[in-house]
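Chain by chain, the residues:
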Amino acid sequence: RPCNYEGIATTVFTPLEYACIGKSEEEAAAEIGEDNIDVYHCYFKPLEWSLLETAGGSSSEIGAEDHSSRGYVKCIVDKNDEERVLGLHITGPHAGEIMQGFSVAYNMGMRYCDLVSAVGIHPTSAEEVVGLEVTKASGKDPEKTSC
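Our subject in this report is the structure included herewith. From a predicted model like this one, the values you see are computed outputs, not experimental measurements.

1. A look at the overall build of the protein
Consideration 1: A count of helical and extended segments in the protein gives five helices and five strands.
Consideration 2: Out of the 147 residues belonging to the protein, those deemed buried represent 39%.

2. Considering the environment of Gly92
Consideration 1: Mapped onto the elements of the fold, Gly92 is located in the loop between strand 5 (84-91) and helix 3 (95-107).
Consideration 2: Counting along the chain gives 74 residues from Gly92 to Tyr18, while the straight-line C-alpha distance between them is 6.6 Å.
Consideration 3: Residues in contact with Gly92, not counting those within four places in the same chain, are Leu16 and Glu17.

3. Observations concerning the sheet that holds strand 3 (residues 37-44)
Consideration 1: Here five strands make up an open sheet; going across it, the order is 1-2-5-4-3 and the pairing antiparallel. Among the strands making up the open sheet, the edge pair consists of strand 1 (10-12) and strand 3. Here the average twist between neighbouring strands, direction ignored, is 15°.
Consideration 2: When strand 3 meets strand 4 (residues 71-78), the two strands line up antiparallel, connected through eight bridges.

4. Here's the deal with unusual backbone geometry
Consideration 1: Across the junction of His122 and Pro123, the peptide omega takes the value 0°, indicating a cis bond.
Consideration 2: Along the polypeptide, Pro123 turns up in the loop between helix 4 (112-117) and helix 5 (127-130).
Consideration 3: A positive phi angle is found at Glu83, which is not glycine, with a value near 55°.
Consideration 4: The topology assignment puts Glu83 in the loop between strand 4 and strand 5.
Consideration 5: Positive phi values are uncommon outside glycine, yet His94 reaches one of about 65°.

5. Looking at the pattern of salt bridges
Consideration 1: According to the stated counting rule, one finds 10 salt bridges in the structure shown.
Consideration 2: Taking the shortest distance from any N to any O, the salt bridge between Glu31 and Lys23 comes out at 2.9 Å.
Consideration 3: Residue classification places Glu31 among the exposed residues on the basis of a relative accessible area of 53%.
Consideration 4: Its relative accessible area of 7% is what places Lys23 among the buried residues.
Consideration 5: A salt bridge links Glu143 to Arg70; the nearest nitrogen and oxygen atoms lie 2.2 Å apart. On the criterion of sequence distance, the pair formed by Glu143 in the segment after helix 5 and Arg70 in the loop between helix 2 (47-54) and strand 4 is long-range, its members being 73 residues apart.
Consideration 6: Among the residues examined, Glu143 registers a relative accessible area of 27% and is labelled partly exposed.
Consideration 7: Each member of the salt-bridge network shares a partner with another, and the members are Glu6, Lys23 and Glu31.

6. Here's the deal with the nonpolar core
Where a protein is soluble and globular, its nonpolar side chains tend to be buried together.
Consideration 1: Membership of the largest hydrophobic core comes to 22 residues, with the highest contact counts inside it found for Cys75, Leu88, Ile90, Phe102, Leu115, Val129 and Leu132.
Consideration 2: Ignoring any residue separated from it by four or fewer positions in sequence, one finds Leu115 in contact with Cys75, Phe102, Met110, Val129, Val130 and Leu132.
Consideration 3: With six residues, the next largest nonpolar core counts Ala29, Ile37, Ile76 and Leu86 among its residues.

Cut-off values and rules
- Residues numbered from 1 in each chain as written.
- Predicted model: local features only at pLDDT ≥ 70, side-chain atom pairs only at ≥ 80, totals over all residues.
- Heavy atoms only, no water.
- Helix = DSSP H or I, 4+ residues; strand = E, 2+ residues; numbered from the N terminus.
- Buried < 20%, exposed > 50% of the residue type's maximum accessible area, 1.4 Å probe, protein only.
- Contact = heavy atoms within 4.5 Å.
- Pairing = 2+ DSSP bridges.
- Axes fitted to C-alpha atoms, helices over the stretch in contact; angles between N-to-C directions.
- Salt bridge = Lys/Arg side-chain N within 4 Å of Asp/Glu carboxyl O.
- Core = buried A, V, L, I, M, F, W, Y, C linked by side-chain atoms within 4.5 Å.

Here it is as structure tokens:
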């Protein structure tokens, strides 16, 4: 069968690692209309960065300053197709390894309810993906302040 290139997870191995699968928010909006998508998202502080700072390290020593000292997760869903996941994006430590597991679910037609029904492994950055609650449309603050 033909390869579904949209279903291939991608990672950029930069100091703040980035990984994604599926569509970007802009691609999804262009394809099905901005009113037909929801975007769940959150900013979070990876626990390992907090531990380094507690141990006397600084944000700059771990390659993190300002907004780059936070991870970010975004899940784009189709509101008219049982919130089927159209794209999943994450920045933070081990983003590529996190995305590899979610790529299987994505390729099986994962919906938002499938994503959040999983129990996250604590304390990991991956648990932020299954804990998404805030949509951009809600106007609520997407900043996670604690576990």
